[in-house]
Amino acid sequence: MVWKGMIFGWIRISCSRAHRLLSERLDGPIRPADSWRLRLHLVICEMCSRFERQIELMRTAVRRIGQ
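Residues numbered from 1 in each chain as written. Predicted model: local features only at pLDDT ≥ 70, side-chain atom pairs only at ≥ 80, totals over all residues. Heavy atoms only, no water.

**Q** Any chance you could explain the pattern of salt bridges here in plain terms?
**A** According to the stated counting rule, one finds 6 salt bridges in the structure shown. A salt bridge links aspartate 34 to arginine 17; the shortest N-O distance between them is 3.4 Å. Placement of the pair is aspartate 34 in helix 3 (residues 32-44) and arginine 17 in helix 2 (residues 15-27), with a sequence separation of 17 residues. Overall, aspartate 34 belongs to the buried group, its relative accessible area being 7%. Its relative accessible area of 24% is what places arginine 17 among the partly exposed residues. Note that arginine 25 is salt-bridged to glutamate 52, the shortest N-O span being 2.7 Å. Here arginine 25 is found in helix 2, whereas its partner glutamate 52 is found in helix 4 (residues 46-66), with 27 residues between them in sequence. The exposure class assigned to arginine 25 is partly exposed, which follows from its relative accessible area of 28%. Taken together, the shared-partner salt bridges connect Arg17, Arg31, Asp34 and Arg37 into one network. (Salt bridge = Lys/Arg side-chain N within 4 Å of Asp/Glu carboxyl O. Helix = DSSP H or I, 4+ residues; strand = E, 2+ residues; numbered from the N terminus. Buried < 20%, exposed > 50% of the residue type's maximum accessible area, 1.4 Å probe, protein only.)

In C-alpha coordinates:
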(Lines give C-alpha, C1' and ligand atoms only; values in the text may rest on other atoms or scores of the structure.)
Protein backbone atom coordinates (compact mmCIF):
# COMPACT_ATOMS: atom_id res chain seq x y z
CA MET A 1 0.00 0.00 0.00
CA VAL A 2 2.91 2.36 0.66
CA TRP A 3 4.21 1.90 -2.89
CA LYS A 4 0.82 2.76 -4.36
CA GLY A 5 0.74 6.05 -2.44
CA MET A 6 4.28 6.89 -3.50
CA ILE A 7 3.59 6.17 -7.15
CA PHE A 8 0.32 8.10 -7.32
CA GLY A 9 1.81 10.92 -5.28
CA TRP A 10 4.55 11.29 -7.89
CA ILE A 11 2.10 11.17 -10.78
CA ARG A 12 -0.63 13.38 -9.38
CA ILE A 13 -0.45 17.14 -9.97
CA SER A 14 -2.63 19.93 -8.64
CA CYS A 15 -5.06 21.92 -10.74
CA SER A 16 -2.88 25.01 -10.44
CA ARG A 17 0.11 23.03 -11.74
CA ALA A 18 -2.05 21.70 -14.59
CA HIS A 19 -3.05 25.28 -15.50
CA ARG A 20 0.61 26.37 -15.52
CA LEU A 21 1.56 23.44 -17.73
CA LEU A 22 -1.30 24.19 -20.13
CA SER A 23 -0.07 27.77 -20.39
CA GLU A 24 3.55 26.69 -20.86
CA ARG A 25 2.45 24.27 -23.58
CA LEU A 26 1.12 27.25 -25.57
CA ASP A 27 4.69 28.56 -25.83
CA GLY A 28 6.17 25.23 -26.92
CA PRO A 29 6.69 21.63 -25.93
CA ILE A 30 6.83 20.75 -22.26
CA ARG A 31 8.93 18.00 -20.72
CA PRO A 32 7.65 14.49 -21.54
CA ALA A 33 7.15 13.65 -17.85
CA ASP A 34 5.08 16.82 -17.35
CA SER A 35 3.11 16.09 -20.51
CA TRP A 36 2.29 12.61 -19.24
CA ARG A 37 1.21 13.90 -15.82
CA LEU A 38 -0.87 16.63 -17.42
CA ARG A 39 -2.67 14.19 -19.71
CA LEU A 40 -3.46 11.94 -16.76
CA HIS A 41 -4.74 14.90 -14.77
CA LEU A 42 -6.95 16.01 -17.66
CA VAL A 43 -8.53 12.55 -17.83
CA ILE A 44 -9.41 12.75 -14.15
CA CYS A 45 -10.31 16.43 -13.72
CA GLU A 46 -13.31 17.78 -15.64
CA MET A 47 -12.64 21.41 -14.65
CA CYS A 48 -9.10 21.36 -16.04
CA SER A 49 -10.29 19.57 -19.18
CA ARG A 50 -12.81 22.36 -19.65
CA PHE A 51 -10.04 24.95 -19.12
CA GLU A 52 -7.94 23.21 -21.79
CA ARG A 53 -10.84 23.34 -24.26
CA GLN A 54 -11.35 27.04 -23.51
CA ILE A 55 -7.68 27.76 -24.16
CA GLU A 56 -7.85 25.89 -27.46
CA LEU A 57 -10.99 27.80 -28.51
CA MET A 58 -9.31 31.13 -27.74
CA ARG A 59 -6.17 30.07 -29.58
CA THR A 60 -8.21 29.10 -32.64
CA ALA A 61 -10.14 32.37 -32.53
CA VAL A 62 -6.95 34.43 -32.34
CA ARG A 63 -5.46 32.54 -35.28
CA ARG A 64 -8.60 33.17 -37.37
CA ILE A 65 -8.53 36.87 -36.54
CA GLY A 66 -4.91 37.03 -37.69
CA GLN A 67 -5.65 35.50 -41.10
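So much for the structure itself; the text now carries on.
**Q** Help me out: how do you make sense of the nonpolar core in this one?
**A** Soluble globular proteins tend to bury their nonpolar side chains together. Grouped together as the largest cluster of nonpolar side chains are 10 residues: Ile13, Ala18, Leu21, Leu22, Ile30, Leu38, Leu42, Cys45, Cys48 and Ile55. Listing elements by their share of this core, those giving two or more residues are helix 2, helix 3 and helix 4. With 3 residues, helix 2 is the largest single contributor of residues to this core. (Core = buried A, V, L, I, M, F, W, Y, C linked by side-chain atoms within 4.5 Å.)

**Q** Which parts of the structure should I look at to understand the state of the cysteines?
**A** Cysteine pairs can be covalently joined through their sulfur atoms, and such a bond is termed a disulfide. Following the criterion strictly, the structure yields 0 disulfides and no others. We note that cysteine 45 lacks a disulfide partner, and the nearest cysteine sulfur, in cysteine 48, lies 3.6 Å from it. The exposure class assigned to cysteine 45 is buried, which follows from its relative accessible area of 13%. (Disulfide = S-S within 2.5 Å.)

**Q** Whenever I open this one, the environment of serine 16 confuses me. Can you help?
**A** When you line up the elements, serine 16 lands in helix 2. The partly exposed category is assigned to serine 16, whose relative accessible area is 44%. Taking C-alpha positions, serine 16 is 9.1 Å from cysteine 48, a pair spaced 32 residues apart along the chain. Polar contacts involving the side chain of serine 16 include one to the side chain of serine 14, which spans 3.1 Å. (Polar contact = N/O pair within 3.5 Å; in protein donor to acceptor, adjacent residues only side chain to side chain.)

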